[in-house]
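Residue-level structural notes
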Amino acid sequence: MKTLRTVKSNNLILITALTAVILLYTSSIVGAAYISQKITGYSAFDLEKSADLYSDLEYELTFEHRFNKGQLYFKPKLKFDSAKEELELDLYEGYLDLFFQDADLRLGRQIITWGKADGLTVINLINDQHRGIHPIVDPDDSFIASDALKLDYYTAGGTWEAIFSLPPEASNLNSDRSGYGFRYSALGMGFDYEITAGSFPQYNLMLDSYNRITGNSEFVYRDQNFIGGSFSNDLGSFVLKGEGAYFFDRDYLQQTDQGPQIVENDELEVLLGIDFYPGDYLISLQAKEGFLIDEPDNLRRDKSIGEYSLMIQRSFWRDNLSVENWLIYREMPTLPGMENTLLWRPRLTYDFSDRLTFAAGVDHVIEGSKRSEIFYQLEYIF
Amino acid sequence: MRNKIIFTGVILLVLITAFGTALAADLSGEEIMKKVYNRETGDSRTANLKMILVNKQGSKRIREIKQFEKDFGEVDKKIMFFISPADVRNTSFMNWSYDSEQSDDQWIFLPALNKVKRISSENKSDYFMGSDFTYDDLGDRTLAEDEHKLIGEDTIHDKEVYVVENIPVAEDDLYSRTVTYVWKDKWIGLKKEFYDREGELLKVLTVNEVKEISGILTIVDSEMHNLQNEHRTILKNSEVEYNTSIDANLFSERMMKRGIQ
């Protein structure tokens, strides 16, 4: 073991923690604290070379304390990373909730989810995502919590939401490059919808490639300015879902006589999906496409051109055994470091006793040059 | 003259008793089940549910849920908050059931995804949280989904009951038939047998305790026994309250995400 590394905390977390402590010890608190602990062992192997790749042991504490008009929630994680031989202490989530008559305020490190899609993202842009991560149990585990302030205001028809978030830690952006966004969402008879607008700094794969080609040291995070929305619709055995967003002045790479240049262009992204429930199965099909608006010559897209996923899930033995099969295809632009990928991602989870859970899976790359990996995970909750 | 009055009284009593018996006996299976479905259950209900799942080896798993229901006239709304075990804590489930032909609306909030997700309402024959109860068994079934036939009378724990056979209208139903033992004059089921599609006895629901709460008969302890795989689910209701002023805003995306204290 080499070091104990603490992931940097910023002022927002400090303010949250201090406010929480003041609230805890100066107000008359009703309600009880809830604490649960989890130990997770995880190992991943190279499927082709049958070699160990990575393993870690993680301790996670969940602390919830509800009081009259709010809640305090902390989830720190202590992880031993065998590859780096480091102990990492990370505040995965930590926030203070304040509940008012018609509004809720959440302040601190949090995951905020927009949209109806599973695994693929169009408008779910608030939180940064892990990259180069080893196989994950659930695709949504890839999100990294943001330090943010979220205000929800409730009306008879739905919820108005306003978000202010600090830039992702990995971005090294200044706080004046913060993200902000607004959402209106409603659940209704047979139909739910969201209307969203915002600007959040997001990792840009194309800029990363460009920097590597040109030796540039440009930021690889750029603002995503968008308006969009989502819906889900009950059609009996089916649930139809969709997302769409119009992005303004997105950064793209354009090949010119002087070499590659960064230019801005608009893009429309659309996702359509269907969840089908035949008997004990859940079959989920999703397709996402991006369309450049008034595409100039020699413009190269960032991100994927299209993403398509098929998921088949079934539970056995009173939901104790769950089996998921994902097939994901990503169509990428022809840029260095980018290639089409077809991934088969089966997952198996077995719940031994409400405390002990075993999970295993494979990220098998059928098309593309990425490494195929297999993993297993053992989780104990107490 | 006195004897005449007594005689007339006796005759009247006999007639009333006979007429009353004939009235009861004349009730059809449909009418009995209609009384069961239409029994007073209050405009709103709050309860703590404890489900004890017992497998063949006798090992137990316990699930605790806080449940709220409210009748809004044309729509009944229900929301459940999962309290334990830890791996499902803060999960919530909401159902809106309509008096019209409109399909139910159902949503689930999964804290790990931090997302309220609409799910199909066509899963009423799914087992609820790994228990021996399907969503239908827990009260989502309607009178019109079965044909009802009175097949006899019996006694359960000294209580007189009607025995009614219920045959599903839909051919693809989970059960080929069920038999309900309805407590006479109280219109509450005290036992129910469930037969699988092959006609074999699959499960038996036994009511262990009924309490009168706010004037409403309430099953507070029951057990569903799956005879084919020797699995049992004991369902206990506690802190049951009726007709309390549940805020309509409880049945919302906000509360699904926020959870309950």
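Residues numbered from 1 in each chain as written. Chains lettered and ligands numbered in written order. Predicted model: local features only at pLDDT ≥ 70, side-chain atom pairs only at ≥ 80, totals over all residues.

This part covers the overall build of chain B. Looking only at helices and strands, one finds 4 helices and 13 strands in chain B. For chain B, contacts bridging at least 24 residues in sequence account for 39% of all contacts bridging at least 6. (Helix = DSSP H or I, 4+ residues; strand = E, 2+ residues; numbered from the N terminus. Contact = placed C-beta atoms within 7 Å.)

Let's shift gears to unusual backbone geometry. All names here are of chain B. Here the bond from serine 84 into proline 85 is cis, since omega is 5°, no more than 30 degrees from zero. Relative to the helices and strands, proline 85 is located in the loop between β3 (75–84) and β4 (92–98). For glutamate 230, which is not glycine, the phi dihedral falls at a positive 55°. Mapped onto the fold, glutamate 230 is located in the loop between β12 (216–226) and β13 (231–242). For glutamate 230, a count of 12 C-beta atoms within 10 Å translates into the label exposed. (Buried ≥ 20, exposed ≤ 12 C-beta atoms within 10 Å, placed from the backbone.)

All right, on to helix α2 (residues 205–214) of chain A then. All names here are of chain A. Along α2, the positions that sit buried rather than exposed are Met206, Leu207, Ser209 and Tyr210. The buried side chains of α2 occupy one side of the element, clustering within an arc of 160° when seen end-on. For α2, the secondary structure elements touched by its buried residues are β13 (221–235), β14 (238–256), β15 (259–276) and β17 (299–300). Looking one or two residues past α2, glycine 215 carries a phi angle of roughly 75°, positive in sign. (Arc of directions from axis to C-beta.)

What follows concerns the interface of chain B and chain A. Taken together, the contact pairs 25 residues of chain B with 29 residues of chain A. Of all the secondary structure elements, the ones that give two or more residues to the side of chain B that touches chain A are β5 (105–110), β6 (115–119) and α4 (253–258) of chain B. Considered class by class, the residues forming the side of chain B that touches chain A number 7 nonpolar, 9 polar and 9 charged. (Nonpolar A, V, L, I, M, F, W, Y, C, P; charged D, E, K, R; others polar.)

Further remarks concern the environment of aspartate 294 of chain A. All names here are of chain A. Checked against the element boundaries, aspartate 294 lands in the loop between β16 (281–292) and β17. Taking the C-beta count within 10 Å as the criterion, aspartate 294 has 7 such neighbours and is therefore assigned exposed. Separated by 27 residues in the primary sequence, aspartate 294 and glutamate 267 place their C-alpha atoms 9.0 Å from one another.

Membership of the largest hydrophobic core comes to 18 residues, with the highest contact counts inside it found for Ile112, Val122, Ile123, Ile126 and Ala245 of chain A. In this view, alanine 245 of chain A contacts Val122, Ile123, Phe226, Ile227, Gly228 and Glu269 of chain A; residues no more than four positions away in its chain are not counted. With 15 residues, the next largest nonpolar core counts Ile65, Val116, Phe251 and Met256 of chain B among its residues. (Core = buried A, V, L, I, M, F, W, Y, C linked by C-beta atoms within 7 Å.)

Residue and element names in this part refer to chain A. The pairing of strand β3 (residues 51–67) with strand β4 (residues 70–81) spans 10 bridges and is classified as antiparallel. Bridge pairing in β4 places glutamate 58 opposite lysine 79. Counted along the chain from β3 to the antiparallel partner β4, the turn is 2 residues long. What sits between β4 and strand β5 (residues 86–99) in their antiparallel hairpin is a turn of 4 residues, with glutamate 85 showing a positive phi close to 50°. (Pairing = 2+ DSSP bridges.)

Further remarks concern the pairing of strand β7 (residues 146–156) of chain B. Across 10 bridges, the pairing between β7 of chain B and strand β8 (residues 159–168) of chain B is antiparallel. By the bridge assignment, aspartate 146 of chain B is partnered in β8 of chain B with proline 168 of chain B.

Note that all results are geometric; they support no functional claim without further evidence.
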